[in-house]
Amino acid sequence: MSSRARLSEDEITAALAGLPRWTREGDSIVRSAVAPDFPAAIRAVVAVAEQAEALDHHPDIDIRWRSLRFVLSTHSAGGLTGLDLTLAARIDEALRAES
Ligand code: HBI
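Here is what the cut-offs are and how they apply
- Residues numbered from 1 in each chain as written.
- Predicted model: local features only at pLDDT ≥ 70, side-chain atom pairs only at ≥ 80, totals over all residues.
- Heavy atoms only, no water.
- Pairing = 2+ DSSP bridges.
- Helix = DSSP H or I, 4+ residues; strand = E, 2+ residues; numbered from the N terminus.
- Axes fitted to C-alpha atoms, helices over the stretch in contact; angles between N-to-C directions.
- Contact = heavy atoms within 4.5 Å.
- Polar contact = N/O pair within 3.5 Å; in protein donor to acceptor, adjacent residues only side chain to side chain.
- Buried < 20%, exposed > 50% of the residue type's maximum accessible area, 1.4 Å probe, protein only.
- Arc of directions from axis to C-beta.
- Phe/Tyr/Trp six-rings, centres within 6.5 Å; stacked < 30°, edge-to-face > 60°.
- Lys NZ or Arg CZ within 6 Å of the ring centre and 35° of its normal.
- Near = heavy atom within 4 Å.
- Areas by Shrake-Rupley, 256 points an atom, 1.4 Å probe, with all protein chains shown as cover.
- Nonpolar A, V, L, I, M, F, W, Y, C, P; charged D, E, K, R; others polar.
- Salt bridge = Lys/Arg side-chain N within 4 Å of Asp/Glu carboxyl O.

### Digging into the sheet that holds strand β1 (residues 23–25)
With antiparallel pairing, four strands are arranged side by side in an open sheet as β1-β2-β4-β3. A strand with exactly one partner marks an edge of an open sheet, and here the two such strands are β1 and β3 (60–64). The average angle at which neighbouring strand axes cross in this sheet is 25 degrees, direction not considered. Sheet topology note: the strand β2 (residues 28–34)/strand β4 (residues 67–72) ladder contains six bridges and is antiparallel. When the bridges of β4 are listed, Ala33 appears paired with Leu68. Its contacts with the sheet place helix α3 (residues 82–97) against β2 and β4, and it is angled at close to 165 degrees to β4.

If you want it as structure tokens, here you go:
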């Protein structure tokens, strides 16, 4: 699940069925969320940063007050890999903890 090998279209489709908050945008997957307030949004971002460092895999993050948008792709592979799926699940957890 966490490999840096590029996923096939079938693998991506199957994985996204288990990540209902995420949508495909080309070579990336994207999720938006709204936290209860700005501090909660920042706490979620810090939790995501810790997971990103642990995985050595980093999301693009857009912060607008309490609205967050995460974009995941594996730049070194030129597309989506298992690492993106693993990080997506950990981002879901971080957002759930601050919702
Ligand atoms: N994060 N999203 C993403 N994609 C990468 O290819 C990537 C990364 N974080 C760290 C990383 N690659 C490192 O392996 C290299 O930059 C050394």
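### Structural notes on the pairing of β4
When β3 meets β4, the two strands line up antiparallel, connected through five bridges. Paired with Asp60 across the two strands is Val71, which belongs to β4. Linking two consecutive strands that pair antiparallel, namely β3 and β4, is a turn of two residues; a positive phi of about 55 degrees is found at Trp65 within it.

### Section: the side chain of Thr74
If you trace the backbone, Thr74 turns up in the loop between β4 and α3. A polar contact of 2.7 Å, which involves the side chain of Thr74, links it to the side chain of Asp84.

### A closer look at helix α1 (residues 9–17)
Inspection of α1 places Ile12, Ala15 and Leu16 among the buried residues, and these make up the whole buried set. Summarising the axial view, the buried residues of α1 lie within an arc of 95 degrees, below the 170-degree limit, and thus occupy one face. Residues of α1 that are exposed and point over 90 degrees away from its buried face: Asp10, Thr13, Ala14 and Ala17. In this fold, the buried residues of α1 make contact with β1, β2 and α3.

### Here we look at the packing of aromatic side chains
For the structure on display, the rule yields zero aromatic pairs. One cation-aromatic arrangement involves Arg66 over Trp65; the distance from NZ or CZ to the ring centre is 5.0 Å.

### Here we look at the site of the ligand
Taken together, the residues surrounding the ligand are Arg4, Asp56, His57, His58, Ser73, Thr74, His75 and Ser76. At 2.8 Å from a nitrogen atom of the ligand is found a main-chain nitrogen or oxygen belonging to Ser73. Contact with the protein chains hides 63% of the accessible area of the ligand, taken as 400 Å² for the molecule alone. In the shell around the ligand, the residues fall into no nonpolar, six polar and two charged.

### Overview of the pattern of salt bridges
Once their charged atoms are close, side chains differing in charge can pair, the charge on each being opposite to the other. Overall, the coordinates contain seven salt bridges when judged by the stated rule. Close ionic contact of Asp92 with Arg31 constitutes a salt bridge, the shortest N to O distance being 2.6 Å. A residue pair is termed long-range when its members are at least 10 positions apart, and Asp92 in helix α3 and Arg31 in strand β2 qualify at 61 residues. Ionic pairing is found between Glu98 and Arg43, a salt bridge with its closest N-O pair at 3.1 Å. Note that Glu98 is positioned in the segment after α3 and Arg43 in helix α2 (residues 38–55), a separation of 55 residues in sequence. Residue classification places Arg43 among the partly exposed positions, given a relative accessible area of 45%.

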